[in-house]
Every structure is written in C-alpha cells, then in structure tokens.
Amino acid sequence: MAHFRHRGPTPRRERAERGAGRGAARCRHRYVGGATEKEHTNKVENIIAKHHEFASLIDLETHIGYAYDIFGDQTRLSQNDLFMRPPGSVINHWHFDGPRAVPYRVFSPVLPLKLRIGYWLTDLPREGMGNFVYIPGSHLADYEAEHAGIDEVAGQKVLTCRKGSMTIFGANLWHRIQPNHSEVTRINVFLSYTPTWVNGYYFQSLEDYPDLTREQRILLRPYGKSQEDFSRPPAQDQPLYQGGLERPAPEPVERHKVRRLTRYEQHLRHL
C-alpha cells in the first residue's frame, strides 16, 4: 500500500517465465509479426481467454496480493491485454485510465478503484522504445492539472526496465507512451484489478477457461450480465481466500452478507 503514497509506478524485477510460462513466450512471438499497425495500438484483448498459457497471471503470487489488500474478497480481474508497439509506432496521448468526466478519484481519493499491473516482455534499456511515460504524484487526490496531446510535461519520468520486470500503478496516474524509434517491437501485458462492482471490459465465460482453480474462477467473475452478482457475489464465491478478513457477526447471517475487512482497513488506513 505504501506504493500509492509515493510518486509513481513501482518497478520490480521478475522473470517473465514465472508469470506466463514458456508457452506464453511462444504465444508472444506469434503476434510480433502481425504488429504492423503504426497509427494505433496493437492490442490482443482478453489474452488469457485466447491463450491459456497466460492463465497463471490471473492470481500470480508476485502481484495478486497488491490487489487483494485493496479490494479484499470482491477483487476482480477486469482487464487483461497484450500490447505491442512496433518500430515507428505513434505516440500515445496523455491520459489516465477510466472515466474522464467524473474520474475514479472523485469517489476514492486515497485508494485506486483500478489497479494496473504491467509485465514487460521486452528489454527497454533506453528511451525512445515505446516507453511508458508518467507524471510522478499525478495520481494523488490534490493533483488538479489537466493534460492533453503529446508534449513533454515538466517533471515527467520515462520508464526503462529489463525484460521480465513488473510495474504497479493506480489508474489515476497521468501517463502516455513514447514513439518507438528502435528496431524492436515493444511488448507487454497489462492486467487491471477492480472491485467487482466497477464495470469491467469483458463478460467472462467459463467455456473459455478449461482448467481454473477455485480462486482463479472467482477472480474472473464469470457472472454473465447479472448486475446483482457483481454487486453482491454469490455465497459460494465468499470468501475469495479462506480466513483472515471475516468479522464476527452478532448473529448468523448469509455468507455473502458477512462484513469483511480489507487488509487496508485492518492495517493501513490510519497511517
């Protein structure tokens, strides 16, 4: 949780093979040749449903705890996409993720309502390789500046990292993408975690996922279009992980109605 009181995304060195496995590396190379669109982002949406080699990313131990500490038993993997930036690709404009008219921070000024996990599958030793650019501190509640276009902003930072690195940031962070002047196609996976009741990008179906653990199935929230289930997950999906968050109830209540404190509520909200 300390990461969200700091100035920007937190890079960690992880081996890409831990997150996606050797099969995922093969899958990654399968797309590189087709990443020729330079006017827009080359993106494979819902990559885990299309290529099950990535399934371990649903609840990979190197990052799932960050989401669970914030969203608790209503954690949801709401987005999982593979991004490719070929040589010569255009600059991505300044933006933050989520709604612009009434941003997430209006309702949740301290905690992010969307947590973004990035796994970088290409070495980025220098700038100008389709790098992630961000404005430190722009995710904080008192940041009021607005940005547009592609110009540099005073104080911006450019992410450089090794293949296999992981980054973590909240969706309120202002960021953009540099052009790729290298000869290498930049590849990464972005995962988004939210509370179940925040609109996701996909309605997941278990037919697309033949082999999941109980926890992976719950994190995908394959509830179809049942808005009530997203708001109040079914009793069999509570708790997400056994033990730890449940508070004693004054009298027996249905499982999905038991109050569950998040790790943030338990340990960090008074810091």
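Note that the structure is predicted; figures quoted are calculated from it, not measured.

Scoring rules and cut-offs
Residues numbered from 1 in each chain as written. Predicted model: local features only at pLDDT ≥ 70, side-chain atom pairs only at ≥ 80, totals over all residues. Heavy atoms only, no water. Helix = DSSP H or I, 4+ residues; strand = E, 2+ residues; numbered from the N terminus. Buried < 20%, exposed > 50% of the residue type's maximum accessible area, 1.4 Å probe, protein only. Contact = heavy atoms within 4.5 Å. Pairing = 2+ DSSP bridges. Polar contact = N/O pair within 3.5 Å; in protein donor to acceptor, adjacent residues only side chain to side chain. Core = buried A, V, L, I, M, F, W, Y, C linked by side-chain atoms within 4.5 Å.

Asks: How should I be thinking about the environment of R76 in this particular structure?
Replies: Turning to its location among the elements, R76 is positioned in strand β3 (residues 75–85). Residue R76 is classed as buried on the basis of its relative accessible area, which comes to 4%. For R76 and Y193, which are 117 residues apart along the polypeptide, the C-alpha to C-alpha distance reads 5.5 Å. Sequence-distant contacts of R76, that is, excluding residues within four places in its chain, are made with S192, Y193, T194, P195, T196, V198, N199, G200, Y202, L219, R221 and F230.

Asks: I tried to follow the pairing of strand β5 (residues 115–120) on my own but got confused; where do I start?
Replies: Along any regular strand the residues' side chains alternate between the sheet's two faces. Extensive coverage of β5 is indicated by the burial of six of its six residues. Neither face of β5 is open: one carries L115, I117 and Y119, the other R116, G118 and W120, and all of them are buried. Two elements, β5 and strand β8 (residues 165–170), share five bridges in a ladder whose sense is antiparallel. Looking across to β8, one finds that L115 is bridged to G170.

Asks: I would appreciate a short explanation of the environment of Q74 in the present structure.
Replies: Structurally, Q74 is set in the loop between α3 (64–71) and β3. Q74 sits 121 residues away from P195 along the chain, and the two C-alpha atoms are 5.4 Å apart. When neighbours within four sequence positions are excluded, Q74 is seen to be in contact with T194, P195, T196, W197, R221, F230, S231, P233 and Q238. Among the polar contacts made by the side chain of Q74, one reaches the side chain of T196 at a distance of 2.7 Å.

Asks: Quick question: what am I supposed to make of the nonpolar core here?
Replies: Burial of nonpolar side chains together is a common tendency in soluble globular proteins. I48, L57, L115, I117, L191 and Y193 are the most contacted members of the largest nonpolar core, which totals 35 residues. Elements represented by at least two residues in this core include exactly α2 (47–50), α3, β3, β5, β8, β10 (186–195) and α5 (214–220). Looking at this core element by element, the count peaks at six residues for α3. Discounting chain neighbours no more than four positions away, the residues touching I48 are F54, A55, L57, I58, L77, N80 and Y209. Counting residues in hydrophobic clusters, the runner-up holds 12 residues, among them W120, L124, C161 and L173.

Asks: I tried to follow unusual backbone geometry on my own but got confused; where do I start?
Replies: For residues that are not glycine, phi is negative in most cases, and the peptide bond is trans in most cases. A cis amide bond links Q238 with the next residue in sequence, P239, at an omega value of -5 degrees. Counting through the fold element by element, P239 comes out in the loop between α6 (227–231) and α7 (263–268). At N46, a residue that is not glycine, the phi angle is positive and equals roughly 50 degrees. As for its position among the elements, N46 is in the loop between β2 (42–45) and α2. The class for N46 is buried, based on a relative accessible area of 11%. One non-glycine residue, R221, adopts positive backbone phi at about 50 degrees. Within the fold, R221 resides in the loop between α5 and α6.

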